[in-house]
Amino acid sequence: MNLLGEIREAIKGFYSLAVGMGVTGKYFFRPEVTVHYPRKTVDNVSTYSGHVELQPGKKNPDGADCIVCGTCVRNCPSGCLTLEVLELMEENPDLEKKPKKIKKLKALIYDYSYCSLCGQCIENCPVTALGFSQHVYWAEFDRKAIKMDLVARLKDQLNAKKEAM
Ligand code: SF4
Ligand code: SF4
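Since this is a predicted model, take the numbers as computed values, not measurements.

What counts as what
- Residues numbered from 1 in each chain as written.
- Chains lettered and ligands numbered in written order.
- Predicted model: local features only at pLDDT ≥ 70, side-chain atom pairs only at ≥ 80, totals over all residues.
- Helix = DSSP H or I, 4+ residues; strand = E, 2+ residues; numbered from the N terminus.
- Rg over C-alpha atoms; globule rule 2.2 N^0.38 Å.
- Buried ≥ 20, exposed ≤ 12 C-beta atoms within 10 Å, placed from the backbone.
- Contact = placed C-beta atoms within 7 Å.
- Near = placed C-beta within 6 Å.
- Nonpolar A, V, L, I, M, F, W, Y, C, P; charged D, E, K, R; others polar.
- Expected span 1.5 Å × (residues − 1).
- Domains from an automatic or database assignment.
- Pairing = 2+ DSSP bridges.
- Axes fitted to C-alpha atoms, helices over the stretch in contact; angles between N-to-C directions.

Trainee: Sorry if this is basic, but what is going on with the overall build of the protein chain here?
Mentor: The helix and strand inventory of the protein chain stands at four helices and five strands. Its helices and strands in sequence order give the protein chain the pattern α-β-α-β-β-α-β-β-α, from N to C terminus. Computed over its C-alpha atoms, the radius of gyration of the protein chain comes to 26 Å, more than 25% above the 15 Å expected for a compact globule of 165 residues. If one aligns the C-alpha atoms of the protein chain with their principal axes, the spans along those axes are about 100 × 40 × 30 Å. In the protein chain, buried positions account for 12% of the 165 residues. Residue pairs at least 24 apart in sequence account for 70% of intrachain contacts in the protein chain once pairs closer than 6 positions are excluded.

Written as structure tokens, this is what we have:
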């Protein structure tokens, strides 16, 4: 490269640096819109959509309204949901008839490490049993630690709520 070319490259470099410093300078004097986590946290996380979770039931306030249909599992593009179902025999009040077989949700295993938060499971649940959590301040070193049973998680949340009352 001749001298003229080198001067042209240097001018381009300085121009690019000046543009970058201009952007930095503009934001440096504006009010902060982020916090220095973990030293500070945000109190209002109402607009945050975190990992998927089971919602407290409207029909079943001690658990979820899940009807064990499996739609969430089938609709998940990342295969992060697995259903564990309990099959029970329910006594039929009409003694002439045989006991009925009923299905109950035992566990809903969710692997957050594969979830893209696409919302397909939530949108397609026929009983709105699923939602996004506001569980924002959560970090782990091991991806296995973010695989969880959503039924157990909901139970813990409901028990904690009862204890706080
Ligand atoms: S949000 Fe999407 S990727 Fe995550 S569990 Fe639901 S369907 Fe699967
Ligand atoms: S959470 Fe909803 S979609 Fe998934 S099995 Fe239960 S009722 Fe069906």
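That was the structure; now back to the text.
Trainee: Where do I start with the environment of P126 in this structure?
Mentor: Structurally, P126 can be placed in the loop between α3 (120-124) and β4 (130-132). Between the C-alpha atoms of P126 and A152, which are 26 residues apart in sequence, the distance is 21 Å. Excluding its chain neighbours within four sequence positions, the residues that come into contact with P126 are C69 and T71.

Trainee: Is there a simple way to think about the site of ligand 1 in this case?
Mentor: Lining the immediate surroundings of ligand 1 are 14 residues, of which C76, C115, C118, Q120 and C121 lie closest. Partitioning the shell around ligand 1 into residue classes produces nine nonpolar, five polar and no charged.

Trainee: Would you mind showing me how to read the site of ligand 2 here?
Mentor: The immediate surroundings of ligand 2 are formed by 13 residues, with C66, C69, T71, C72 and C125 found nearest. Residues that form the shell around ligand 2 fall into these classes: 11 nonpolar, two polar and no charged.

Trainee: What should I look at first to understand helix α1 (residues 3-28) in this one?
Mentor: An α-helical turn contains 3.6 residues, so a residue and the one three or four places further along point in the same direction. Taking 1.5 Å of rise per residue, 26 residues should cover 38 Å, and α1 covers 37 Å from first to last C-alpha, within 8% of that figure. Counting buried positions along α1 gives zero out of 26 residues, so the element sits mostly on the surface.

Trainee: When you look at the domain arrangement of the protein chain in this model, what are you seeing that I'm missing?
Mentor: How big an interface is tends to be expressed through the accessible area that disappears when the partners come together. Segmentation of the protein chain into domains returns domain 1 (1-30) and domain 2 (52-164). Between the C-alpha centres of domain 1 and domain 2 there is a distance of 54 Å.

Trainee: Would you mind going over the sheet that holds strand β3 (residues 100-111) with me for this structure?
Mentor: Picture the strands of a sheet paired through backbone hydrogen bonds; they go either parallel or antiparallel. Spatially, three strands are ordered β2-β3-β5 in an open sheet, and the strand pairing comes out antiparallel. In the strand order of this sheet, the two ends are held by β2 (81-90) and β5 (147-149), each with one partner. Along the sheet, successive strands turn relative to each other by an average axial angle of 25 degrees, direction set aside. Relative to β5, β3 runs antiparallel, the two being bridged by three bridges. Considered in β5, the bridge of Y110 is made with M148. Contacting β3 and β5, helix α4 (residues 150-164) crosses the sheet at an angle of about 65 degrees to β5.

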